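Descriptive analysis of the structure
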Protein chains: 2
Amino acid sequence: MGAARLLRGLARVVPADKLTVVVNTGDDEEFFGLHVSPDLDTIVYTLAGVAPPARGWGVRGDTFHAKTALDRFYDTPWFQLGDRDLATNLYRTDQLRRGRPLSAITRSIADRFGVAQRVLPATDGRLRTIIETSEGALPFQHYLVRRRGRPRVVAVRYRGARSAEPAPGVLRAITGADIVVIAPSNPFVSIGPILAVRGVRAALRAARARTVAISPLIGGRAVKGPLAQMLASMGHPRGSRAIARLYAGLAATLIVSPGDAGGAREGERDAPEMVEHDILMRDTASAERIARFALGHVRRAA
Amino acid sequence: MGAARLLRGLARVVPADKLTVVVNTGDDEEFFGLHVSPDLDTIVYTLAGVAPPARGWGVRGDTFHAKTALDRFYDTPWFQLGDRDLATNLYRTDQLRRGRPLSAITRSIADRFGVAQRVLPATDGRLRTIIETSEGALPFQHYLVRRRGRPRVVAVRYRGARSAEPAPGVLRAITGADIVVIAPSNPFVSIGPILAVRGVRAALRAARARTVAISPLIGGRAVKGPLAQMLASMGHPRGSRAIARLYAGLAATLIVSPGDAGGAREGERDAPEMVEHDILMRDTASAERIARFALGHVRRAA
């Protein structure tokens, strides 16, 4: 959600042919025999202007007739999938079965939706975010959607990370970028799977001086999602300090909400410099202001 | 269509646990990566009471949002698939990929739709009806739906027939039945693929005395579909005589429309006896009358 909102702002500021989005695929899962890539689709739908204004997934105004009928066959009433959204998933699944890599398929999907920006899955390999909880290991969708992020999180694992190669263009997009922006997303379940892909951390380290992260926390709380609870249950510090620690060595700057920079950098090696700015994205206009500020900050620092 | 209509009548006359329907799978094809089985679904939807009253495929009142979205990705605008119907196809495809045979999957689908009758695909193997036309070889859906049955038919082939085994229960359903009814369907593209499955012809021969066919022609014309043209272009006699010839040795009786029995049995060995009766199925009530007549005729002859 945070990433999609920021992206609406970035897309207004950065020319389409200069914007590459590297997307988490750790949320990917199989439902109804379909390869579902919620984050990739959310990014494409957002850039295409067909994402719902408030909901963080699917297509605006979609219907759910197929899903209602699928509930006759499957015991996953909690997993929603709109009829139009289903078409994207059918195409992706069909193409994957024909042996095309996810990155090439994503490019086709973006093309058909008229998206001019480059959308890259972090990897064409199979990487899955597994949430180790007090109730056992849960695939990400089961943890977040089915169990609504309620089970106590003990650890987050990226299954397949060791063998997941970065998709073509991912490393170059990072090392060759004028500016790298780490979106205000959950560092464990949204950014973490990308960082777990071989070579991505090293590429970010190399691009550290030009990398700016935007905190997903405001006053220690996530705008949406279970991040604050996850930090607590996994023994991280509270608030922005935890984010700074997680991005130590990877980003030169961390933009935090006014009043959130206190207590940072205490003994953290390579921790990003904290810069306070209003980072609450109420609408696309405020997302655009934040995008301008983040890009401007890196340019000014250069 | 003819088969589905007759089935509505048969289902009113025969107790559900005494009725087995052996269904053509030669029309099966892959669209959007889905294993589409139009005839199986039509039969299940018909027995479940969710088939449209006039249209020969899909679910009553279905919407087409996913299909419209699929047209963004696929160049098959001519192939229609409703959102609810899509769910059935997704389930079947998913289950096939998991290695379940089509007959078991069909039983599950029928169960979920509350269908108490037994619906059996003729085979779990891969059998495809190929229409050799003046424009080349066309898979059945391409011939009938895309090209609207217009190309001149030179021959009909059943690809895979030699290795297609009858699905479990098919042969026993025929040899063990009190009465076998051959539906008023196209003998080349609807009945032919079933007859092409190994052992089915022999089973029907053994059940010949108890087998009654209903002609798909009325006054030499098909109620629907390209049968009359196919008979002409493939050099068959016109009208009921052609049907009698095709079912020679397989059915003891062929019920034809009043006035259509003329010229029959001339020199045809084992050709069915033609019996005239009103076979135009205007509604379920007339289908029920025809079903009663057909079953009664076999009983009276026994």
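Residues numbered from 1 in each chain as written. Chains lettered and ligands numbered in written order. Predicted model: local features only at pLDDT ≥ 70, side-chain atom pairs only at ≥ 80, totals over all residues.

Moving on, we come to the overall build of chain A. Along chain A, the regular secondary structure elements total twelve helices and 13 strands. At 18 Å, chain A has a C-alpha radius of gyration in line with the 19 Å of a compact globule built from 302 residues. Each principal axis of the C-alpha distribution contributes one length, and for chain A these read about 55 × 45 × 40 Å. Counting all 302 residues of chain A, 51% fall into the buried class. (Helix = DSSP H or I, 4+ residues; strand = E, 2+ residues; numbered from the N terminus. Rg over C-alpha atoms; globule rule 2.2 N^0.38 Å. Buried ≥ 20, exposed ≤ 12 C-beta atoms within 10 Å, placed from the backbone.)

This part takes up the relation of the copies chain A and chain B. Laying chain A over chain B is done by rotating through 180 degrees and shifting 0.0 Å along the axis; what remains is an RMSD of 0.0 Å. Such values leave the two copies arranged in the relation of a two-fold axis. Residue Asp83(A), judged by its C-alpha, is the member of chain A lying nearest the rotation axis, at 3.4 Å. When the interface residues of chain A are mapped onto chain B, 100% of them again lie at the interface, so the same face is used by both copies. (Least-squares fit on C-alpha atoms with pLDDT ≥ 70 in both. Contact = placed C-beta atoms within 7 Å.)

The next point concerns unusual backbone geometry. Of note, the phi angle at Phe32(A) is positive, near 60 degrees, even though the residue is not glycine. By secondary structure assignment, the location of Phe32(A) is in the loop between strand 2 (29-31) and strand 3 (34-36). We note that Arg148(B) has phi near 50 degrees; this positive angle belongs to a residue other than glycine. Here Arg148(B) shows up in the loop between helix 6 (140-146) and strand 7 (153-159).

Moving on, we come to the sheet that holds strand 6 (residues 136-139) of chain B. Residue and element names in this part refer to chain B. The sheet built from three strands is open, its strands ordered 6-5-7 with antiparallel pairing. Single-partner strands in this sheet number two, and they are strand 6 and strand 7. Strand-to-strand twist across the sheet, computed as the mean angle between neighbouring axes with direction ignored, equals 25 degrees. Sheet topology note: the strand 5 (residues 128-133)/strand 6 ladder contains four bridges and is antiparallel. Paired with Thr 133 across the bridge in strand 6 is Gly 136. Here helix 8 (residues 187-195) sits on the sheet and contacts strand 5 and strand 7; the angle it forms with strand 7, its principal contact strand, is near 25 degrees. (Pairing = 2+ DSSP bridges. Axes fitted to C-alpha atoms, helices over the stretch in contact; angles between N-to-C directions.)

Attention shifts here to the interface of chain A and chain B. With 19 residues of chain A at the interface, the matching set in chain B holds 19 residues. Among the elements of the structure, helix 3 (65-70) and helix 4 (83-97) of chain A are those that each provide at least two residues to the side of chain A that touches chain B. Here the element with the most residues in the side of chain A that touches chain B is helix 4 of chain A; it accounts for nine residues. Looking at side-chain class alone, the side of chain A that touches chain B contains nine nonpolar, four polar and six charged residues. (Nonpolar A, V, L, I, M, F, W, Y, C, P; charged D, E, K, R; others polar.)

With that settled, consider the sheet that holds strand 12 (residues 253-256) of chain A. Residue and element names in this part refer to chain A. Strands sit in the order 8-9-12-13 across an open sheet of four strands; the sheet is parallel. Two strands lie at the open edges of the sheet, namely strand 8 (180-182) and strand 13 (273-276), each paired on one side alone. Neighbour to neighbour, the strand axes of the sheet diverge by 25 degrees on average, direction disregarded. Pairing geometry for strand 8 and strand 9 (residues 211-214), over three bridges, is parallel.

We now examine the domain arrangement of chain A. All names here are of chain A. What the domain assignment lists for chain A is domain 1 (2-122) and domain 2 (169-301). The C-alpha centroid of domain 2 is placed 24 Å from the C-alpha centroid of domain 1. The interface of domain 1 with domain 2 comprises 16 residues on the first partner and 24 residues on the second. Secondary structure elements with two or more residues in the side of domain 1 that touches domain 2: helix 1 (2-13) and strand 1 (20-23). The element that contributes the greatest number of residues to the side of domain 1 that touches domain 2 is helix 1, accounting for nine residues. (Domains from an automatic or database assignment.)

It helps to recall that an α-helix has 3.6 residues per turn; residues three or four apart then point in one direction. Of all the nine residues making up helix 8 (residues 187-195) of chain A, seven are buried; the element is thus mostly covered by neighbouring parts of the structure. Restricting attention to buried positions, one finds in helix 8 of chain A the residues Pro187(A), Phe188(A), Val189(A), Ser190(A), Ile191(A), Pro193(A) and Ile194(A).

Here Phe73(A) is to be found in the loop between helix 3 and helix 4. For the pair Phe73(A) and Phe32(A), spaced 41 residues apart in the sequence, the C-alpha separation amounts to 8.9 Å. Leave out the neighbours within four places in its chain, and Phe73(A) touches Ala87(B), Tyr91(B) and Arg112(B).

Residue and element names in this part refer to chain B. For the pair helix 1 (residues 2-13) and helix 2 (residues 38-48), the least separation of the axes is 10 Å and the interaxial angle reads 35 degrees. The two elements helix 1 and helix 2 meet at a crossing, and its hand is right-handed. Contacts between helix 1 and helix 2 involve Ala 4, Leu 7, Arg 8 and Ala 11 from the first element and Thr 42, Ile 43, Thr 46 and Leu 47 from the second. Among the residues forming the contact of helix 1 with helix 2, the class breakdown is five nonpolar, two polar and one charged. (Left-handed = near helix turned anticlockwise from the far one by under 90°.)

The next thing to look at is the pairing of strand 9 (residues 211-214) of chain B. Residue and element names in this part refer to chain B. Across the two faces of strand 9 the burial is the same, with Thr 211 and Ala 213 and Val 212 and Ile 214 all buried. Where strand 9 lies against strand 12 (residues 253-256), three bridges are found, and the strand directions are parallel. The residue bridging Ile 214 from the neighbouring strand is Ile 255, located in strand 12.

Now for the nonpolar core. Residues Leu6(A) and Leu6(B) are the most contacted members of the largest nonpolar core, which totals 184 residues. Residues contacting Leu6(B), with those up to four places away along its chain left out, are Ala183(B), Pro184(B), Ile214(B), Met281(B), Ala287(B), Ile290(B) and Ala291(B). (Core = buried A, V, L, I, M, F, W, Y, C linked by C-beta atoms within 7 Å.)

When pLDDT is averaged across chain A, the result is 95; 98% of the residues are at 70 or more. Across the interface, the model reports ipTM at 0.92; the global pTM reads 0.94. (pLDDT = per-residue confidence, 0-100.)

Residue and element names in this part refer to chain A. Two elements in contact, helix 1 and helix 12 (residues 284-301), have axes whose closest approach is 7 Å; the angle formed by their N-to-C orientations is 70 degrees. In terms of their interaxial angle, helix 1 and helix 12 are classed as roughly perpendicular. By crossing handedness, the relation of helix 1 to helix 12 is classed as right-handed. Judged by residue contacts, Arg 5, Leu 6, Arg 8, Gly 9, Leu 10, Arg 12 and Val 13 of helix 1 engage Thr 284, Ala 287, Glu 288, Ile 290, Ala 291, Arg 292 and Leu 295 from helix 12. Along the lines of polarity and charge, the residues of the contact of helix 1 with helix 12 split into seven nonpolar, two polar and five charged. (Parallel < 35°, antiparallel > 145°, perpendicular 65-115°, else oblique.)

Here we take up helix 5 (residues 102-112) of chain A. Residues and elements named next belong to chain A. Burial in helix 5 covers these residues: Leu 102, Ser 103, Ile 105, Thr 106, Ile 109 and Ala 110. Taken down its axis, helix 5 places every buried residue within 160 degrees of arc, on the same side. Packed against the buried residues of helix 5 are helix 2 (38-48), helix 4 and strand 4 (118-121). Just downstream of helix 5 lies Gly 114, where phi reads positive at about 70 degrees. (Arc of directions from axis to C-beta.)

Residues and elements named next belong to chain B. Turning to its location among the elements, Glu 273 is positioned in strand 13 (residues 273-276). Exposure remark for Glu 273: the 16 C-beta atoms within 10 Å place this residue in the partly exposed category. Apart from residues lying up to four places away in sequence, Glu 273 is in contact with Ala 252 and Thr 253.

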